[in-house]
Amino acid sequence: MKLVRQLLTLIHLRKLSFLSVTVGIICYGPIVSADKDIFVKDYDLFLGSAPSSNEVRQFELTATSTELVIGNGKATNVWAYNGQIPGPVLRVKQGEMISISFKNELPQATTIHWHGVRVPNDMDGVPGVTQKPVAPGETFQYRFKALDSGTYWFHPHMRSHEQVERGLYGVLIVESPTDPVYDQEWVWVLDDWLLDEDGAIDESFSKRALDTGGRLGNLLSVNGKEQPAYTARSGERVRIRIINSSNARNYSLSFKGSDAKIFAVDGNITGQPLDVDNFVIAPGNRIDIDLTISNNLNASELVEVSNTFFHREAEDDVHEGPAILATIRISGKADDLKKFPIPVHSRIPSWEGALETPVDFTYHFDTKINLGVLWNSGPGAYFEINGKQYGEHEVTQLKKHEFYHLRFTNGTGLYHPIHIHGMFYKVLSRDGVEVNEPFYRDTALLDYDSSIEVGVVPVDTGKWMLHCHLLEHSALGMMTLVEVTE
Ligand code: C2O
Ligand code: CU
């Protein structure tokens, strides 16, 4: 009996390997694993290495509850880092050590997650995985090297749907020695607020009240202000670092009457400048824009910066879009025109054939109705990955310095911005159609009833979150873990 089974297994295995060899020759050639080794080498070249530095940059961050005016309304109760929204911009040079003394003065436990930043795993700010929650009154020391230059942000990773929404977020800028010098640099944190008639934050953060499309606000803000006005001279070059800190809102930007190009996504310089108009900035995403203010504009003319993204699921009095986010008033003419080329990364691997490699892991994003809502106080639906909520999954095992082909599918008519901690990935296809995004990112939008495939080479060991960055969805379970080992 045993022998027969062994024999059957053997035949079965042979058949399989014969099959895969055949498929290999037909579809992608027999050298897939060699290709993957090249993908890994290419990725290492892309990452490069940080200049060495002995500098340690010290910062202090305190999370407190305070009163601030959001938009143009009245003061409301917010939660903020160092009493300001957004929190402070932490600016360091690539290669420097960053040391942050954090104090929690909130009524809730919290942590800080450094979104998009490659930190040692125990600095990643994920409660119960990389650290203990920081209880009210407690402190925590974050310390890591700024390995990659670019625009990053930080936010709590506990009850984020409430803590981020109340105003807890800040920006981390890592400067590169090769950054060009612009006439001006602006940092814009985009957020939408759900305020009631007298300007106070809507306090319904309970899981029961979580809306399936996520919390969309009725007031769009840039740095906590409604339609702030900037000034620039015609002909000026401006670098704008844009961060989407909203719980659920996507943005696409238009700069009417001026030339705006994206040159970095999620901190990473792109292989070529990209059009800003159709780029979707999902929750968690950052973009860097090279804006040339048109020479044809005269003093006191306005450049309007609008959000053109239309949220199909918006209801009631929340903003669907489009809307003006900010204005730029022309204050004169620049006397010397900055002529440097838009920054490009010269080592974006093409990863040709990556899409044809076998899919290593599939993550299906879906919801499950909670009938229990009829007799208890739970949410109306659970948000799941592969039919399981956070905590129920087996941790995906990945090896450091290997190439992986991941597939994400969406069983819902809802948006899911997919974020993986501790690594950058490249989108290979959308809805089965190959795309060639000339850049790496840490967050990509999984559209309604759609799918995306990505390639990734993890280089940092530890347990990293993979989750939906629509913060109501992650609160309801749409999170899982991958573990990278040597
Ligand atoms: Cu911006 Cu897991 O988060
Ligand atoms: Cu989601």
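Structural data are supplied above this passage.
Residues numbered from 1 in each chain as written. Chains lettered and ligands numbered in written order. Predicted model: local features only at pLDDT ≥ 70, side-chain atom pairs only at ≥ 80, totals over all residues. Heavy atoms only, no water.

**Some words on the overall build of the protein**
In step 1: Within the protein one finds four helices and 29 strands.
In step 2: Structurally, the protein occupies a C-alpha span of about 85 × 60 × 45 Å along its principal axes.
In step 3: If you take every contact in the protein between residues at least 6 apart in sequence, the share linking residues at least 24 apart comes to 77%.
In step 4: Accessible surface, the protein: about 20,600 Å² in total, of which carbon and sulfur atoms supply 53%.
In step 5: Side-chain charges of the protein comprise 44 positive and 63 negative groups, with the mean position of each set lying 5 Å from the other. (Helix = DSSP H or I, 4+ residues; strand = E, 2+ residues; numbered from the N terminus. Contact = heavy atoms within 4.5 Å. Areas by Shrake-Rupley, 256 points an atom, 1.4 Å probe, with all protein chains shown as cover. Lys, Arg positive; Asp, Glu negative; His and termini not counted. Charge placed at Lys NZ, Arg CZ, Asp CG, Glu CD.)

**Details of the pattern of salt bridges**
In step 1: Inspection of every chain in the model, using the stated rule, returns 28 salt bridges.
In step 2: Close ionic contact of Glu96 with Arg57 constitutes a salt bridge, the shortest N to O distance being 2.8 Å. One end of the pair, Glu96, is in the loop between β3 (89-93) and β4 (97-105); the other, Arg57, is in strand β1 (residues 56-69), and 39 residues separate them in sequence.
In step 3: For Glu96, a relative accessible area of 5% corresponds to the buried category.
In step 4: Through salt bridges with shared partners, one network takes in Arg91, Glu175, Asp179, Glu185, Arg239, Arg241 and Asp288. (Salt bridge = Lys/Arg side-chain N within 4 Å of Asp/Glu carboxyl O. Buried < 20%, exposed > 50% of the residue type's maximum accessible area, 1.4 Å probe, protein only.)

**Quick look at the coordination of the copper ion (ligand 2)**
In step 1: Around the copper ion (ligand 2), the protein contributes the donor atoms His416 (ND1), Cys468 (SG) and His473 (ND1), which lie 2.0 to 2.1 Å from the metal centre.
In step 2: Sequence positions of the donors to the copper ion (ligand 2) reduce to the motif H-x51-C-x4-H. Considered together, Cys468 and His473 belong to a single accessibility category, that of buried residues. (Donors = N, O, S within 2.8 Å, 3.2 Å for Na, K, Ca; no water.)

**Concerning unusual backbone geometry**
In step 1: Here Ile85 and Pro86 are connected by a cis peptide whose omega angle stands at -10°.
In step 2: The topology assignment puts Pro86 in the loop between β2 (75-81) and β3.
In step 3: In this model, Arg159 sits at a positive phi of 40°, which is unusual for a non-glycine residue.
In step 4: Residue position: Arg159 is located in the loop between β7 (150-155) and α3 (160-163).
In step 5: With phi around 50°, Asp266 is a residue other than glycine that occupies positive phi space.
In step 6: Tracing the sequence through the fold places Asp266 in the loop between β14 (259-265) and β15 (268-275).
In step 7: Using a relative accessible area of 0% as the deciding quantity, one classes Asp266 as buried.

**Some words on the pairing of strand β26 (residues 443-446)**
In step 1: With burial as the criterion, each face of β26 is covered, one bearing Thr443 and Leu445 and the other bearing Ala444 and Leu446.
In step 2: Note: strand β23 (residues 416-420) against β26, four bridges, orientation antiparallel. For His419, the partnering residue across the bridge sits in β26 and is Thr443. (Pairing = 2+ DSSP bridges.)

**Comments concerning the nonpolar core**
A general trend in soluble globular proteins is that nonpolar side chains are found buried together.
In step 1: Ranked by internal contacts, the top residues of the largest apolar core, which has 40 residues, are Tyr43, Ile100, Trp114, Phe144, Leu172 and Trp351.
In step 2: Elements with a minimum of two residues in this core: α2 (32-47), β1, β2, β3, β4, β6 (139-145), β7 and β8 (170-175).
In step 3: In terms of residue count, the dominant contributor to this core is α2 (five residues).
In step 4: Those residues in contact with Trp114 that lie beyond four places of it in its chain are Leu61, Leu90, Ile100, Val119, Met123, Asp124, Tyr142, Phe144, Trp153 and Phe154.
In step 5: Counting 34 residues, the second-largest nonpolar core is a separate cluster that includes Leu216, Ala314, Val318 and Trp464. (Core = buried A, V, L, I, M, F, W, Y, C linked by side-chain atoms within 4.5 Å.)

**Focus on a negative patch on the surface**
In step 1: Judged by side-chain charge, Asp196, Glu197, Asp198, Asp211, Glu315, Asp316 and Asp317 come together as a negatively charged surface patch.
In step 2: Here Asp317 lies in the loop between β17 (302-307) and β18 (323-333). (Patch = residues over 30% accessible without salt bridge, like charges linked within 9 Å, V, L, I, M, F, W, Y side chains within 5 Å.)

**Examining the sheet that holds β8**
In step 1: Here we have four strands laid out as an open sheet, ordered β3-β8-β7-β5, and mixed in their pairing. Sheet topology places β3 and β5 (113-115) at the edges, where each strand pairs with a single neighbour. Between one strand axis and the next, the sheet turns through 25° on average, direction left out of account.
In step 2: Pairing analysis gives three bridges linking β5 to β7, with the strands arranged antiparallel. Following the sheet pairing, His113 is matched in β7 by His155. (Axes fitted to C-alpha atoms, helices over the stretch in contact; angles between N-to-C directions.)

**Thoughts on a nonpolar patch on the surface**
In step 1: On the surface, Ile369, Leu371, Leu374 and Trp375 cluster together to form a nonpolar patch covering roughly 570 Å² of accessible area.
In step 2: Here Ile369 lies in strand β19 (residues 361-369).

**Quick word on the pairing of strand β10 (residues 219-222)**
In step 1: Neither face of β10 is exposed, since Leu219 and Ser221 on one face and Leu220 and Val222 on the opposite face are all buried.
In step 2: Where strand β9 (residues 184-193) and β10 come together, four bridges link them in antiparallel fashion. For Asp192, the partnering residue across the bridge sits in β10 and is Leu220.

**Focus: the packing of aromatic side chains**
In step 1: In the structure shown here, the tally under the stated rule is 26 aromatic pairs.
In step 2: Among the aromatic residues, ring-to-ring pairing joins Tyr81, Phe102, Trp114, Phe140, Tyr142, Phe144 and Phe154 into one connected group.
In step 3: Taking the ring centre of Trp79 as reference, the NZ or CZ of Arg166 above it sits at 4.5 Å.
In step 4: Here the guanidinium or amino end of Arg237 rests over the ring plane of Phe340, the centre of that ring lying 4.0 Å away. (Phe/Tyr/Trp six-rings, centres within 6.5 Å; stacked < 30°, edge-to-face > 60°. Lys NZ or Arg CZ within 6 Å of the ring centre and 35° of its normal.)

**Focus: the sheet that holds β2**
In step 1: With mixed pairing, four strands are arranged side by side in an open sheet as β2-β1-β4-β6. The open sheet has two free edges, formed respectively by β2 and β6, since each of these has just one partner strand. The sheet shows a mean angle of 20° between the axes of neighbouring strands, direction not considered.
In step 2: With seven bridges joining them, β1 and β2 adopt antiparallel strand pairing. Across the sheet, Ser65 pairs through a bridge with Trp79, a residue of β2.

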